[in-house]
Amino acid sequence: MTAKTISLTLKVWRQGRGEKKGCFKTYAARNISTDMSFLEMLDVVNEELTKKGEEPIAFDHDCREGICGMCGAMVNGRAHGHQKETTLCQLHMRHFSDGETIVVEPWRARAFKVVKDLVVDRSPLDQLIQAGGYISVNTGGAPDGNAIPIPKKTAEAAFEAAVCIGCGACVAACPNASAMLFVGAKVSHLALLPQGRPEAARRVQTMIRRMTELGFGNCSNEAECEAECPKGISIVAIARLNRELMKAEFL
Amino acid sequence: MNWFFEAFSTAIGKKLLMAVTGLGFCLFLLIHLIGNLTVYGGPGVFISYVTHLHALGPLIAVAEYGLLFFAVIHVSTGLLLFIQNRRARPIGYAVKRNAGGRTIGSATMPYTGLIILCFIVIHLLNFKLIDQTPQTVFNTLTNLFSVLSYILVYTAAVIAVAIHVRHGFWSLFQTLGVNHPKYMPFIQGMGIMFSLLIAGGFGFIPVYIGFIA
Ligand code: SF4
Ligand code: FES
């Protein structure tokens, strides 16, 4: 089987490290195999740029199999591109057509500063976790794994939220640059399980306040996040977050 | 009491304020629509409805101040959210496409809200803050609807309300934490039905006055 190849025009956001401003630069991506992922296509472009003595395009990546949450960029105005429930590293070039022009931009939010080109600083998501997205485990003997029975339905609901890889696409896609889906996923994951209950009230209270302090916007139920989340996390997680906050503040 | 105001100043607290006041306005719209259906009964029925309504006295005053209080909260919180949310993304995208979550309603909430606010001011000036003694309220209605520009303003406001409610209705349930795949489609459907009912119910009044009555 001979692999199909396509050629594309890329408009990529370039911004030097420490620079306040950037601009779009146009590049040609020639003879790209449709079996390649979007990141592999960028690798090819970067190789050419390096050969020419130009600075390659900086982008974040790690696992390249859709599980680590490091990659991500806006591709033609869509977070991680237009494929549903797909990270940028898992977006394949067969979803693009020959001769297409593709605009590639970094995540945009006040909380996410551009580090370089397509790389943004997503440490505010880590700071949100530090604000309460954990359970405190005291020292002592390892507890028996099955000591606390958890109904299968509950375990599954918690798992559906726990699949969040912290990529930040929800923030990038949200018209308000809100991190509600991310916070909702963390709060849901932990509040559903008995181990997470003792700290549930404090967790939601500190995380939601931290979200605003870090410069994220407020949710207005646009539901763009759930449409772009590569892990298919639903805004049901946000409804649960709202319930948890109401419980914590008023009950 | 400090904890109380503090809770409502959080990102979710502000949403709750929007949701609860919005629910109040949905109920008001429904009652207002039911009352206005008496227009279709002709001047006699409509005037008797208005007289009966005003005979409620203190109850009406409570409702009016309640609505005013809700409006102050809804508008000021909405404005604050609008400003904060704009500030959350100082540099926008060169290209941005919707992924399928956004609707016309959700994308235009602040703007339809502003149109509704302007119309409410006009509406109160026309019906509430004028001396109704020289003519009956039905005459006020027919006079207004004989002016084409007023009909256009009114129709624009009705459309704005319908679009606003299209997003607001399901959204308030989501904010109050009432979202489950089992019944969310039903709430979504109810929201669309409700906004169509509002659009049809209020929107048909000038047609009735102009062509049928
Ligand atoms: S909720 Fe989804 S989009 Fe948001 S950070 Fe987690 S995986 Fe990414
Ligand atoms: S590189 Fe790990 S999810 Fe894309």
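Just so you know, these numbers come straight off a predicted model, no measurement behind them.

Novice: Explain the overall build of chain A here, please?
Specialist: Helix and strand counts for chain A stand at 8 helices and 7 strands. Counting only C-alpha atoms, chain A reaches 60 × 45 × 35 Å along its principal axes. Across the 251 residues that make up chain A, the buried fraction comes to 52%. Pairs at least 24 residues apart make up 69% of the contacts formed inside chain A by residues separated by at least 6 positions. Seen as two clouds, the 31 positive and the 29 negative side-chain charges of chain A have centres 4 Å apart.

Novice: When you look at the packing of aromatic side chains in this model, what are you seeing that I'm missing?
Specialist: Geometry of an aromatic ring pair is reported as the spacing of the ring centres plus the angle between the planes. Per the counting criterion, the structure on display carries 20 aromatic pairs over all chains. For the pair F46(B) and Y49(B), a centre-to-centre distance of 6.2 Å together with 40° between the ring planes defines the contact as tilted. Here F46(B) and its partner Y49(B) are both found in helix α3 (residues 43-54), 3 residues apart, which amounts to about one turn of the helix. Taking the relative accessible area as the measure of exposure, F46(B) reaches 6% and is therefore buried. Members of the aromatic cluster, joined through ring pairs, are F250(A), W3(B), F4(B), F5(B) and F8(B). In this structure, R108(A) packs its charged tip against the face of W13(A), placed 4.4 Å from the ring centre.

Novice: Hey, could you run me through a nonpolar patch on the surface in this one?
Specialist: On the surface, I120(B), V121(B), L124(B), L125(B) and L129(B) cluster together into a nonpolar patch covering about 450 Å² of accessible area. Assignment of secondary structure puts I120(B) in helix α5 (residues 104-127).

Novice: Looking at this structure, how should I read the site of ligand 1?
Specialist: For ligand 1, the full set of nearby residues is C164(A), I165(A), G166(A), C167(A), G168(A), A169(A), C170(A), L181(A), F182(A), C229(A), P230(A) and I233(A). Those elements that place two or more of their residues in the shell around ligand 1 are α4 (169-173) and α5 (180-191) of chain A.

Novice: Looking at this structure, how should I read the interface of chain A and chain B?
Specialist: Note: interface size is frequently given as the accessible area lost on complex formation between the parts. Contact residues are listed per partner, giving 47 residues for chain A and 42 residues for chain B. At the boundary of chain A with chain B, total buried surface from both sides reaches about 3,600 Å², with 53% on carbon and sulfur atoms. Where chain A touches chain B, the interface holds 2 salt bridges. Linking R102(B) and E222(A) is a salt bridge whose minimum nitrogen-to-oxygen distance equals 3.0 Å. For the pair chain A and chain B, the interface holds 30 residue pairs in polar contact (both at pLDDT 80 or more). Where the side of chain A that touches chain B is concerned, the elements lending two or more residues are β5 (101-105), α4, α6 (200-213), α7 (224-228) and α8 (236-250) of chain A. The element contributing the most residues to the side of chain A that touches chain B is α8(A), with 10 residues. For the side of chain A that touches chain B, the residue count by class is 27 nonpolar, 10 polar and 10 charged.

Novice: Sorry if this is basic, but what is going on with the domain arrangement of chain A here?
Specialist: All names here are of chain A. We note that the domain assignment places domain 1 (5-115) and domain 2 (123-250) within chain A. The interface is formed by 19 residues belonging to domain 1 together with 20 residues belonging to domain 2. Taking both sides of the interface into account, the surface hidden between domain 1 and domain 2 amounts to around 1,400 Å²; carbon and sulfur atoms contribute 57%. Together, E85, A111 and F112 form the three largest contributors to the area buried by domain 1 at its contact with domain 2, with a combined 32%. Seen at the junction of domain 1 and domain 2, the total is 1 salt bridge. Here R78 makes a salt bridge to E228, at a shortest N to O gap of 2.8 Å. Counting across the domain 1 and domain 2 interface gives 5 residue pairs in polar contact (both at pLDDT 80 or more). Split into classes, the residues belonging to the side of domain 1 that touches domain 2 amount to 9 nonpolar, 6 polar and 4 charged.

Novice: Is there a simple way to think about α6(A) in this case?
Specialist: Along an α-helix, residues three or four apart share an orientation, since each turn contains 3.6 residues. For α6(A), with 14 residues, the first-to-last C-alpha span of 20 Å sits near the 20 Å given by 1.5 Å per residue. Of all the residues in α6(A), the buried ones are A200(A), R203(A), V204(A), M207(A), I208(A) and M211(A). When α6(A) is viewed along its axis, its buried side chains cluster within an angular range of 115° and face the same direction. Those residues of α6(A) that are buried are in contact with α2 (123-130), α5 and α8 of chain A together with α2 (11-36) of chain B.

Novice: Is there a simple way to think about the side chain of T77(B) in this case?
Specialist: Mapped onto the elements, T77(B) comes out in helix α4 (residues 58-87). Leave out the neighbours within four places in its chain, and T77(B) touches K14(B), L17(B) and M18(B).

Novice: Looking at this structure, I do not really get unusual backbone geometry. What am I missing?
Specialist: As a rule of thumb, non-glycine residues mostly have phi less than zero, and peptide bonds are mostly trans rather than cis. Residue and element names in this part refer to chain A. For R64, which is not glycine, the phi torsion reads 55° and is therefore positive. On the basis of relative accessible area, R64 is assigned to the partly exposed category, the value being 23%. Even without being glycine, N221 reaches a positive phi, approximately 55°. Within the secondary structure, N221 sits in the loop between α6 and α7. Taking relative accessible area as the criterion, N221 reaches 4% and is therefore assigned buried.

Novice: Would you mind going over the sheet that holds strand β2 (residues 23-33) of chain A with me for this structure?
Specialist: Within a sheet, adjacent strands bond to each other through the backbone by hydrogen bonds, running parallel or antiparallel. Residue and element names in this part refer to chain A. Strand order in the open sheet formed by 5 strands is β2-β1-β5-β3-β4, with mixed pairing between adjacent strands. Either end of the sheet is taken by a strand with one partner, and the two such strands are β2 and β4 (78-79). Sheet topology note: the strand β3 (residues 74-75)/β4 ladder contains 2 bridges and is antiparallel. Within β4, the position partnered with M74 by the bridge is A79. Helix α1 (residues 38-51) contacts β1 (5-14), β2, β3 and β5 of the sheet and is inclined by roughly 105° relative to β2.

Rules used in this analysis
- Residues numbered from 1 in each chain as written.
- Chains lettered and ligands numbered in written order.
- Predicted model: local features only at pLDDT ≥ 70, side-chain atom pairs only at ≥ 80, totals over all residues.
- Heavy atoms only, no water.
- Helix = DSSP H or I, 4+ residues; strand = E, 2+ residues; numbered from the N terminus.
- Buried < 20%, exposed > 50% of the residue type's maximum accessible area, 1.4 Å probe, protein only.
- Contact = heavy atoms within 4.5 Å.
- Lys, Arg positive; Asp, Glu negative; His and termini not counted.
- Charge placed at Lys NZ, Arg CZ, Asp CG, Glu CD.
- Phe/Tyr/Trp six-rings, centres within 6.5 Å; stacked < 30°, edge-to-face > 60°.
- Lys NZ or Arg CZ within 6 Å of the ring centre and 35° of its normal.
- Patch = residues over 30% accessible without salt bridge, like charges linked within 9 Å, V, L, I, M, F, W, Y side chains within 5 Å.
- Areas by Shrake-Rupley, 256 points an atom, 1.4 Å probe, with all protein chains shown as cover.
- Salt bridge = Lys/Arg side-chain N within 4 Å of Asp/Glu carboxyl O.
- Near = heavy atom within 4 Å.
- Buried area = accessible area lost by both parts, 1.4 Å probe.
- Polar contact = N/O pair within 3.5 Å; in protein donor to acceptor, adjacent residues only side chain to side chain.
- Nonpolar A, V, L, I, M, F, W, Y, C, P; charged D, E, K, R; others polar.
- Domains from an automatic or database assignment.
- Expected span 1.5 Å × (residues − 1).
- Arc of directions from axis to C-beta.
- Pairing = 2+ DSSP bridges.
- Axes fitted to C-alpha atoms, helices over the stretch in contact; angles between N-to-C directions.

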